[in-house]
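# Structural features, examined
The residues making up each chain are set out below.
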Amino acid sequence: MRWFEPLLFPFSFIYDTVTRFRNHLFDIGHKKSINFEIPTIVVGNLSLGGTGKTPFTEFLIRMLADDFKVATLSRGYGRKSSGFVLADEGSDANQIGDEPFQIYEKFKNKISVAVGEDRVMAIPQIIAERSDTEVILLDDAFQHRYVKGDLNIMLTTFQKPFFEDNVVPLGTLREARKGASRAEIIIVTKCPNPIDTGTKESYINEIKRYNKKQRYFLLD
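Residues numbered from 1 in each chain as written. Predicted model: local features only at pLDDT ≥ 70, side-chain atom pairs only at ≥ 80, totals over all residues. Heavy atoms only, no water.

### Description of the pairing of strand β5 (residues 135–139)
Threshold: Using a 1.4 Å probe on the protein chains alone, a residue whose accessible area is under 20% of its type maximum counts as buried, one over 50% counts as exposed, and one in between counts as partly exposed. We count a stretch as a helix when DSSP gives it H or I for four or more residues in a row; a strand needs E for two or more, and each element gets its number in order from the N terminus. If DSSP finds at least two bridges between two strands, the strands pair.
With five of five residues buried, β5 lies mostly within the body of the structure. Residues of β5 alternate between two faces, with V135, L137 and D139 on one and I136 and L138 on the opposite face, all of them buried. Two strands pair when backbone bridges link them, and strand β1 (residues 40–45) and β5 are joined in this way by four bridges, in the parallel orientation. When the bridges of β5 are listed, V42 appears paired with L138. In this structure, strand β2 (residues 70–74) lies alongside β5, joined through four bridges in parallel fashion.

### Brief notes about the pattern of salt bridges
The following threshold applies: Throughout this description, the term salt bridge denotes a Lys or Arg side-chain nitrogen within 4 Å of a carboxyl oxygen of Asp or Glu.
According to the stated counting rule, one finds 11 salt bridges in the structure shown. Residues R20 and D16 are paired through a salt bridge, measuring 3.0 Å at the closest nitrogen-oxygen approach. Placement of the pair is R20 and D16 together in helix α1 (residues 5–27), with a separation of four residues, close to one helical turn. Accessibility expressed as a relative area gives 40% for R20, which makes it partly exposed. A relative accessible area of 16% places D16 in the buried class. Residue K106 is joined to E58 by a salt bridge in which the shortest nitrogen-to-oxygen separation is 3.0 Å.

Right, dumping it as C-alpha cells:
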C-alpha cells in the first residue's frame with residue numbers, strides 16, 4: 001500500500017456510496033431505462049482509461065457491417081462541438097472527437113457515425129436521419145443506464161482487471177465491482193499470447209464472483 005492511500009479511503013467511500021445509490025435507483029425502477037425498438041449493443045467498462053473499447057467497436061463493425069446497417073454513437077470526448085452531430089464529409093476530430101473520427105475515416109462508406117451527450121435523445125435522431133439503421137453500437141455507455149442495451153459487453157484489461165481494482169480515487173473504477181453483473185459478455189483485453197490454462201482459469205473464476213452468466217473471453 002502506498003503511504004497516501006489511507007487518505008483516499010473517505011473519498012473513495014463517498015464516491016462508491018453515490019454510485020451504488022444511483023445504480024440502486026435504476027435497479028428498482030425509480031430511474032427509468034429506455035429500451036428502443038432498434039437493437040442496441042453497449043460497449044463499455046467499469047474503469048477509467050483505455051481497455052480497448054475503440055478497437056473492439058471496430059471489430060464489431062467489421063463483423064456486422066456486411067449484413068446490417070450499423071450506426072455508432074458516443075459522447076465524442078475531446079470534441080469542440082456540443083449536442084448531436086452526425087458525421088459527414090465535412091466532419092473532423094474537432095467536431096466529433098478523435099476516436100469517432102478515426103472510426104468514420106475507416107468505415108464511412110459502410111456505417112453511420114454519430115456523437116451526442118444525451119444518448120436517449122440522440123438515438124431517435126439517428127433513426128430519423130438514417131431510417132435504414134438496423135443496429136446501434138453505443139461506445140463507452142456501460143454507466144449510461146438511461147438507455148437499456150439489448151446486449152451489454154464489458155471490457156477489462158489483463159494487466160489491471162476490474163476484480164483487482166478499487167473505486168476512484170483509490171483505484172480506477174467508476175463504480176463498484178458488482179456493476180459487472182449487468183454485462184451479458186465480459187472480455188479481458190490485452191492478454192499475453194499465449195496465455196497458460198491456469199492463468200485463464202484463474203481469471204474466469206475471479207470474474208464468476210461478480211457475474212454468473214459464463215460468457216467470458218480473453219483476447220490478445
